[in-house]
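Okay, here's what each chain looks like letter by letter:
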Amino acid sequence: MQIIYGLIIVLMLAGVIGAVVPGIPGTSLILLGIIIWGFIKGSFTAISIPLIVTGIVLLLSMGIDFLAAYWGAKKAGASKWGQIGSMIGLAVAFFGLLPPFLVVGGPLIGIFIGPLLGAIIGELIYRRNLVIAVKAGVGIVVGSLIGNIIQGCLALAAVILFVFTTYTQVFGG
């Protein structure tokens with residue numbers, strides 16, 4: 001039982017990493033771990049609080065992701081073109097299609113650089129001003145990074161709550 005519990009905790013910690021790093025499943029892995037534990041124990045009553053909290057964290061994460069990028073874009077004066085460019089840059093980077101990053105860092109580094117380059121290109125197409133484009137691109141990326149950090153903290157709190165409420169089920173108390 002302890003080995004399975006440890007594997008579930010590892011799955012959940014991967015979810016915490018995924019909450020911070022774009023393109024990797026995050027809070028959904030934590031929720032999956034809680035559900036697996038519920039099936040293993042044969043009862044969801046012992047994990048009802050972590051299950052509810054993680055469900056709320058999952059919903060909050062989606063909202064935070066959108067709002068943080070929007071906030072960063074708004075503070076930096078980005079247009080819709082910059083936001084669309086940022087999303088396209090993220091998609092291109094996620095699949096490792098940014099040539100300079102294929103050799104050094106691959107998609108992981110590209111996930112941070114792609115949205116910046118995409119936002120700058122989008123703003124350049126719309127405004128044709130490099131200074132404004134760079135400012136908007138940085139604003140979008142900074143907003144997204146702040147959102148990812150908040151999501152990571154919420155995900156970590158959900159894992160800690162799970163461990164706090166289930167530890168005695170495995171190791172006695």
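Keep in mind that what you see is a predicted model, and the values were worked out from it rather than measured.

Novice: Got a sec to walk through the nonpolar core? Specific residues and values, please.
Specialist: In terms of nonpolar packing, the biggest core is built from 16 residues, with Tyr 5, Met 12, Ile 30, Ile 34, Trp 37 and Phe 162 touching the most fellow members. Residue contributions to this core peak at 6 residues, all from helix H1 (residues 2-20). Setting aside residues no more than four positions away along its own chain, Trp 37 makes contact with Met 1, Tyr 5, Ile 8, Ile 47, Phe 162, Thr 166, Gln 169 and Val 170. Of all hydrophobic cores here, the second largest spans 5 residues; its members include Ala 78, Ala 119, Ala 136 and Ile 140.

Novice: Describe in detail the environment of Leu 90, supporting the description with residues and values.
Specialist: Relative to the helices and strands, Leu 90 is located in helix H4 (residues 80-94). What makes Leu 90 partly exposed here is its relative accessible area of 30%. Separated by 29 residues in the primary sequence, Leu 90 and Ala 119 have C-alpha atoms spaced 9.7 Å apart.

Novice: An account of a nonpolar patch on the surface is requested, with residue identities and associated values reported.
Specialist: Together, Trp 71, Leu 130, Val 134, Val 138, Val 142, Ile 146 and Ile 150 give the surface a local cluster of nonpolar side chains, amounting to about 570 Å² of exposed area. Take the nonpolar patch: its biggest share by element is 6 residues, from helix H7 (residues 130-171). Within the secondary structure, Trp 71 sits in helix H3 (residues 48-76).

Novice: Please give an account of the pattern of salt bridges that cites residues and values.
Specialist: Enumeration over the complete set of coordinates arrives at 1 salt bridge. A salt bridge links Glu 123 to Arg 127; the nearest nitrogen and oxygen atoms lie 3.5 Å apart. Of this pair, Glu 123 and Arg 127 both sit in helix H6 (residues 106-127), 4 residues apart, which is roughly one turn of that helix.

Novice: Describe in detail the packing of aromatic side chains, supporting the description with residues and values.
Specialist: A ring pair, where both rings are aromatic, is described by two values, the distance of the centres and the angle of the planes. Counted under the stated rule, the structure contains 6 aromatic pairs. Seen in terms of ring centroids, Tyr 5 and Trp 37 are 5.0 Å apart; in terms of plane orientation they differ by 65°. Their pairing is edge-to-face. In this pair, Tyr 5 is assigned in helix H1 and Trp 37 in helix H2 (residues 27-41), connecting sequence segments 32 residues apart. Pair check on accessibility: Tyr 5 and Trp 37 agree, each one buried. By relative accessible area, Tyr 5 is classed as buried at 4%.

Conventions we followed
Residues numbered from 1 in each chain as written. Predicted model: local features only at pLDDT ≥ 70, side-chain atom pairs only at ≥ 80, totals over all residues. Heavy atoms only, no water. Core = buried A, V, L, I, M, F, W, Y, C linked by side-chain atoms within 4.5 Å. Buried < 20%, exposed > 50% of the residue type's maximum accessible area, 1.4 Å probe, protein only. Helix = DSSP H or I, 4+ residues; strand = E, 2+ residues; numbered from the N terminus. Contact = heavy atoms within 4.5 Å. Patch = residues over 30% accessible without salt bridge, like charges linked within 9 Å, V, L, I, M, F, W, Y side chains within 5 Å. Areas by Shrake-Rupley, 256 points an atom, 1.4 Å probe, with all protein chains shown as cover. Salt bridge = Lys/Arg side-chain N within 4 Å of Asp/Glu carboxyl O. Phe/Tyr/Trp six-rings, centres within 6.5 Å; stacked < 30°, edge-to-face > 60°.

These figures capture arrangement, not role.
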